[in-house]
Structures are given as C-alpha cells and as structure tokens.
Amino acid sequence: MLLYYFLATLLPIDTLIARFYPIFGACLIIMALGIMAGMLLGIGGHTMPDMTLANLHPLGPDKMPIWPLMFITVACGACSGFHSTQSPIMARCLKDERLGRPIFYGAMISEGIIALIWATAGITFYDSTGGLAAAMKAGGAGTVVYDICVGFMPGIGAVLAMLGVIACPITSGDTAFRSARLTLADWFGVDQTHAKKRLLFAVPLLAVGGILSQMDFNIVWRYFSWTNQTLAMIVLWTGAVYLYRTKPGSKAYIIPMVPAIFMSAVTCTYILQAPEGLKLSTDISYPVGIIFAVVCFCLFLKTTILRKTR
C-alpha cells in the first residue's frame, strides 16, 4: 500500500490512479447494490429495523447526544471539507465545465447513499446497535465488514463487496497524499514538472503518513472528522461570498450560505463538548455554538450585503 501511495503521489494522475478507479468504482456500485438487495430480500434471515428518529446509540443519549455528534460522525458522505480539497485536482481532468455537476454533486449523493446502506446493514445483520457495537469491539471493523459481506452476498459477491469497501480508504489515501503534495508545492512556489522536485514533498508526506498509521485510529478519526467538517464550513462560507460577488442580482449564494450556518454551529458545539475537545457541558456548548453561527452569519452580511448598501 505504501508503494502504491508513493507512486500515486509522485506520478501524473492519468498514469496510475485513473487506471484503477474504474475498477474501484465498479466494485463500489456492486457492493452497495448487493448489500442493499441482501437486506431487502432478507438473506440470512435478518430483518431490517423500523425507521426511527430516536437515539439508538448503546451508550445512551447522555454520553452520545445526536447533536452535534451525528453531523461530525457522518462526515464524508454528507458535507466534506476533504472532498473540497480534491475538486481542483479533478476539475483539471474534466473536458467540459458542465461535467462538474454530475461528477462532484453525483459523487457526494452516491457516497451518502452508500453510508446509509452500510449503517443499515450493520444494525440489520447484528440485530441492533448494541450488537453492532459488540461486534466492532470484539473483532474490529474488518471482521464486521467480512461478516456482513459474506452474510448478504455469499460467494463471489462477497469478494466484490469487500473490494468495494477496501476501495474507499485506498482512494481517500492516494488523493489525500497527492493533494497534500500539490498544496505544499503551491504554498512554497515549487514547480512540480520534474520528478526530483515532486520527491521533495512526496517522501516526507509518506513518512508522516506512516507514523500516523501507527496511532490509535479511533483518536485520529475523531480529529479528522472535526477538522474535515470545519474545513467544509470554511469552504461553504468562502463559496457563499464568491457567489455573491461574482453573480450580482442572483440568490445563488444562499445555496452554500444555509449549510455554512448549520456547520458553523455543528463544528463549534462539537469541539466544545467532545472528550478530545474542551469537555464542556451541553448547557454551555449548545448556546455558544448557536452564538458562533450567528456571529459568522453577521460577518458574512458585513462582508457582502451590508457593504454593498453603504
């Protein structure tokens, strides 16, 4: 994997990454449809639970409140700052600007659907959130994925399903290293045409990645989730300001502005009350998060609408 990441970071995108992505994409689609069909058909005797808005976390709502943890945990499939860092790279590969909508928006919706399928599959296969949590604790995510794939898609289907699951972290890793290299090169003004200059960034980045891979993934993921959503919030505000300034008379800025307000409250509230954050009570974190969102909205108005009326 490190060798693949090294080559994906170093080589042009159409040399290596583009050759594997169609295969990964096909496995991803087969996995999602197969797992969904297995649940709907009741393969293995499992029954899907009824839909509810209740907090079903095994630790209870006191330790794991839906607000704002739900909107931090369900990160990449809903609103992802990490994906926003990849869009400039992918945009350079498009032949027509109009392809941006089906590619970027379509990928976001597709990943959200896949996230919902797997969340439902976990609860269905292990009969409850408690059963899923116990399985995760006993065997880890790898064992859970294997059991669900074999249970709902026996035979070759299970192999394709597992390849689809494995493709998700692989494709996240290679694009992350690549975008990090390009970002650092832009910061320091280093041309990336020659391989030697690409190595100056690729080798240290992979070394850092190797060190992080030895840490507790649960801790790394919590910080990643929060920084991911914080970056998403910043990009949404940036997009709202950009649309206001470049499309005079249009209300297009409202599209990113509304989720930007929401994510401002989410990210601020989370870091105030999270165990890896300031560990404050919800009596403090909830109102402060709302105040922070209001302040961000007021700054947006000052930068755009109020400045124009002066």
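Each value, and the rule that gives it
Residues numbered from 1 in each chain as written. Predicted model: local features only at pLDDT ≥ 70, side-chain atom pairs only at ≥ 80, totals over all residues. Heavy atoms only, no water. Core = buried A, V, L, I, M, F, W, Y, C linked by side-chain atoms within 4.5 Å. Buried < 20%, exposed > 50% of the residue type's maximum accessible area, 1.4 Å probe, protein only. Helix = DSSP H or I, 4+ residues; strand = E, 2+ residues; numbered from the N terminus. Contact = heavy atoms within 4.5 Å. Polar contact = N/O pair within 3.5 Å; in protein donor to acceptor, adjacent residues only side chain to side chain. Phe/Tyr/Trp six-rings, centres within 6.5 Å; stacked < 30°, edge-to-face > 60°. Lys NZ or Arg CZ within 6 Å of the ring centre and 35° of its normal. Disulfide = S-S within 2.5 Å.

Time to look at the nonpolar core. By size, the foremost hydrophobic cluster in this structure holds 21 residues, and its most contacted members are Trp-237, Tyr-253, Met-257, Met-263 and Phe-300. Secondary-structure elements contributing two or more residues to this core are helix H3 (66-73), helix H9 (217-246), helix H10 (254-273) and helix H11 (282-303). Looking at this core, the element that brings in the most residues is H9, giving eight residues. What Trp-237 contacts, discounting residues up to four positions off in sequence, is Met-257, Ala-260, Ile-261, Ser-264, Cys-296, Phe-297 and Phe-300. The next biggest cluster of nonpolar side chains, apart from the first, holds 19 residues, and it includes Phe-125, Phe-152, Met-153 and Ala-158.

Within helix H1 (residues 2-10) the residues assigned to the buried category are Tyr-4, Tyr-5, Ala-8, Thr-9 and Leu-10. In this structure, the buried residues of H1 make contact with helix H2 (17-40), helix H7 (156-188) and helix H8 (195-212).

Mapped onto the elements of the fold, Thr-52 is located in the loop between H2 and H3. Here Thr-52 falls in the partly exposed class, since its relative accessible area comes to 40%. There is a polar contact of 3.0 Å between the side chain of Thr-52 and the backbone nitrogen of Ala-54.

A separate point is the side chain of Arg-178. Along the chain, Arg-178 falls in helix H7. Once residues lying within four places of it in the same chain are set aside, the contact partners of Arg-178 are Ala-8, Thr-9, Leu-11, Pro-12, Ile-13 and Ile-17.

Turning next to the packing of aromatic side chains. Taken as a whole and assessed by the stated rule, the structure comprises nine aromatic pairs. Arranged with centres 5.7 Å apart and planes meeting at 65°, the rings of Trp-67 and Phe-71 form a pair that is edge-to-face. With Trp-67 and Phe-71 both in helix H3 and four residues apart, the pair spans about one turn of that helix. Using a relative accessible area of 25% as the deciding quantity, one classes Trp-67 as partly exposed. Here a set of aromatic residues connected by ring pairs shows up, and it is made of Trp-237, Tyr-244, Tyr-253 and Phe-300. Between Arg-101 and the ring centre of Tyr-105, over which it is positioned, the NZ or CZ distance is 5.6 Å.

So, on to the state of the cysteines. Counted according to the given criterion, the structure contains zero disulfides. Cys-298 carries a free sulfur, and the closest cysteine sulfur to it, the one in Cys-296, is 9.3 Å from it. Residue Cys-298 is classed as partly exposed on the basis of its relative accessible area of 43%.

Limitation: the analysis is restricted to geometry and does not speak to function.
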